[in-house]
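Descriptive analysis of the structure
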Amino acid sequence: MRNTPFLSLRLLSSVSLAAAVIGTTLLLAQVPATSRAPVHPVSLVLDRYVDGAFAVLLIGPTEEERIIPRDAIVPPVTPGTWLYQEGTSFKPDAPTTQTVRARISAKLELLRTRMRRTH
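Residues numbered from 1 in each chain as written. Predicted model: local features only at pLDDT ≥ 70, side-chain atom pairs only at ≥ 80, totals over all residues. Heavy atoms only, no water.

**Regarding the sheet that holds strand β3 (residues 44–50)**
Each strand in a sheet pairs with its neighbour through backbone hydrogen bonds, running either in the same direction (parallel) or in the opposite one (antiparallel). Taking strand neighbours across the sheet as the criterion, the five strands line up as β5-β4-β3-β6-β7 in an open arrangement whose pairing is antiparallel. Of all strands in the sheet, those with a lone pairing partner are β5 (64–69) and β7 (89–92), marking the two edges. Sheet twist, expressed as the mean angle between neighbouring strand axes with direction ignored, is 45°. Relative to strand β4 (residues 54–59), β3 runs antiparallel, the two being bridged by six bridges. Of the residues in β4, the one forming a bridge with Val45 is Leu58. (Pairing = 2+ DSSP bridges. Helix = DSSP H or I, 4+ residues; strand = E, 2+ residues; numbered from the N terminus. Axes fitted to C-alpha atoms, helices over the stretch in contact; angles between N-to-C directions.)

Quick look at the structure:
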């Protein structure tokens, strides 16, 4: 596996890896193969594409930027989509994306309601 400067993981044969971002450090914890429930401990959101060849991810609660090759996102998605890392690729996290978009829509509607009351 090729190591890259943005995010790199070594795959182990009998365990799956769970990653957590704390500040600028990517920490890896081994999870027994028997507990392979889809857990996505790192918050990753696609912020934007740059020059058609790169994608900018915002990672964790501090929204630290990481630049990755655009083709590492499988399948290609639109900015604002939440992702999870699987090996060396990033895949859409549909439940998280839907939850966040619903929360944002609710907040926007609340703001619109407040604006109508003041005018």
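**Describing the pattern of salt bridges**
Using the criterion set out here, one finds six salt bridges in the structure. In this structure, the salt-bridge partner of Arg48 is Asp47, at a minimum N-O distance of 2.2 Å. One network of salt bridges, in which partners are shared, links Asp47, Arg48 and Glu65. (Salt bridge = Lys/Arg side-chain N within 4 Å of Asp/Glu carboxyl O.)

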